[in-house]
Amino acid sequence: VFLSVGHGVSHTWYNYVDLRHVRRQNQEMQSELNRIRLEQSSLAVDAREGLRLQKLFGFQQQYIAKTVAAHIIGTSGSDLSRVLVIDKGSKDGLKTDMPVITPDGVVGKVRDVFPHTAQVLEINDQTSGLGIVLTQTRLRGILRGNAAGQTEIIDILPDERIQPGEQVVTSGGDSVYPSGLPVGTVERVVNDPEHNPYVAVLVHPAVNLSRLDDVLVITQTQNTMPASMQQDIATSEQKAADLLAQRL
């Protein structure tokens with residue numbers, strides 16, 4: 001009986017180890033997928049929006065040169081504080097105020113760093129703040145969270161040109177977030193009685209902040225396009241040319 005139980009426990013343990021190994025592989029694959037999606041998103045923004053935004057807003061072109069993938073292991077546990085805990089820290093090169101994103105857009109920034117973990121202040125926290133620009137009206141402002149956990153642009157003068165669906169991106173003026181990163185879209189304009197004559201612009205975040213598992217921490221940016229990105233663009237252009245040639 002002892003041998004049978006021992007074998008059962010041993011078998012269960014190996015299954016558990018295998019399961020953890022599979023989960024770790026899945027996390028690594030997801031992190032790699034996120035990295036690829038980030039590169040693809042960056043290429044798309046560079047190709048379609050980069051020059052236009054640079055001309056419109058005087059952006060200094062910035063490229064994401066290096067990121068660290070992290071897994072979310074905890075939250076603040078309070079509706080008054082929108083803070084995430086991730087499984088990477090100073091040992092992984094993280095520092096305070098580094099931007100945190102997903103391939104879909106901005107999540108927040110690193111607030112407190114420890115050797116193996118870090119806290120991330122989300123953009124819908126009331127103490128957060130990032131410089132943004134509306135891509136159609138070209139209006140600039142500060143986005144932060146309100147008491148309800150919504151993201152809003154504050155201290156904006158009424159302007160009938162602001163319409164639902166307008167894209168909101170980072171302006172780069174806060175010296176934290178690179179310019180041109182997706183933040184969200186305009187939902188509606190609401191009155192702000194405490195700050196007349198200003199209004200608040202509610203923004204639907206580009207990232208679903210309530211359903212996050214993995215994020216990317218931007219640890220390095222540069223003003224020139226990385227060689228790997230140049231190669232990706234060249235490869236994509238060649239593939240497109242080859243496909244066109246086949247169709248002709």
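Scroll up to find the structure this text is about.
Scoring rules and cut-offs
- Residues numbered from 1 in each chain as written.
- Predicted model: local features only at pLDDT ≥ 70, side-chain atom pairs only at ≥ 80, totals over all residues.
- Heavy atoms only, no water.
- Helix = DSSP H or I, 4+ residues; strand = E, 2+ residues; numbered from the N terminus.
- Buried < 20%, exposed > 50% of the residue type's maximum accessible area, 1.4 Å probe, protein only.
- Contact = heavy atoms within 4.5 Å.
- Core = buried A, V, L, I, M, F, W, Y, C linked by side-chain atoms within 4.5 Å.
- Pairing = 2+ DSSP bridges.
- Axes fitted to C-alpha atoms, helices over the stretch in contact; angles between N-to-C directions.
- 1 Å grid on protein atoms, 1.4 Å probe; cavity = no way out; pocket = protein on both sides within 12 Å on 5 of 7 lines; lining within 4 Å.
- Points joined across faces, edges and corners; volume = space filled by probe spheres on them.
- Nonpolar A, V, L, I, M, F, W, Y, C, P; charged D, E, K, R; others polar.

S.K.: Tell me about the side chain of Thr137, residues and numbers included.
M.R.: Relative to the helices and strands, Thr137 is located in the loop between β6 (130-134) and β7 (140-145). With relative accessibility at 8%, the residue Thr137 sits in the buried group. If we skip the residues at most four places from it in the chain, Thr137 touches Arg161, Ile162 and Glu166.

S.K.: Give a description of the nonpolar core that names residues and reports values.
M.R.: Among the nonpolar cores identified, the biggest contains 39 residues, and Ile86 and Ile153 are the most heavily contacted of them. Apart from residues no more than four positions distant in its own chain, Ile86 is found in contact with Ala70, His71, Ile72, Ile73, Leu94, His116, Thr117, Ala118, Val120, Val215 and Val217.

S.K.: Tell me about the sheet that holds strand β8 (residues 151-156), and please be specific about residues and values.
M.R.: One closed barrel accounts for six strands, arranged β6-β7-β8-β11-β10-β9; its pairing is antiparallel. Pairs of neighbouring strands in the sheet enclose a mean axial angle of 45°, with direction left out of account. Where strand β10 (residues 182-191) and strand β11 (residues 199-205) come together, seven bridges link them in antiparallel fashion. Bridge pairing in β11 places Val186 opposite Val203.

S.K.: Describe empty space enclosed by the protein, listing the residues and the values that go with them.
M.R.: Under the definition given, this model contains two cavities of 30 Å³ or more. By volume, the second largest cavity amounts to about 30 Å³. Taken together, Lys109, Leu121, Glu122, Ile123, Ser128, Gly129, Leu130 and Tyr177 make up the full set of residues lining the second largest cavity. Looking at the lining of the second largest cavity residue by residue, the classes come out as four nonpolar, two polar and two charged.

S.K.: An account of the pairing of β6 is needed here, citing residue identities and associated values.
M.R.: With five of five residues buried, β6 is to be regarded as a mostly interior element. Connecting β6 to the antiparallel partner β7 that follows it, the hairpin turn spans five residues, and Arg138 within it adopts a positive phi of roughly 70°.

S.K.: Summarise the environment of Gly105; cite the residues concerned and give the values.
M.R.: Counting through the fold element by element, Gly105 comes out in strand β4 (residues 105-113). Judged by relative accessible area, which is 4%, Gly105 ranks as buried. A C-alpha to C-alpha distance of 9.5 Å links Gly105 and Asn208, two positions 103 residues apart in sequence. If sequence neighbours within four positions are ignored, Gly105 has contacts with Pro182, Ala206 and Val207.

S.K.: Could you give an account of the pairing of β7, with specific residues and numbers?
M.R.: Across the two faces of β7 the burial differs, with Gly141, Leu143 and Gly145 buried and Arg140, Ile142 and Arg144 not buried at all. Pairing between β6 and β7: four bridges, direction antiparallel. Within β7, the residue paired with Gly131 across the bridge is Ile142. Both β7 and β8 contribute to a ladder of four bridges, which runs antiparallel. In the sheet register, Gly145 faces β8, and the bridge partner there is Thr151. Two successive antiparallel strands, β7 and β8, enclose a turn made up of five residues, where Gly149 displays a positive phi of approximately 80°.

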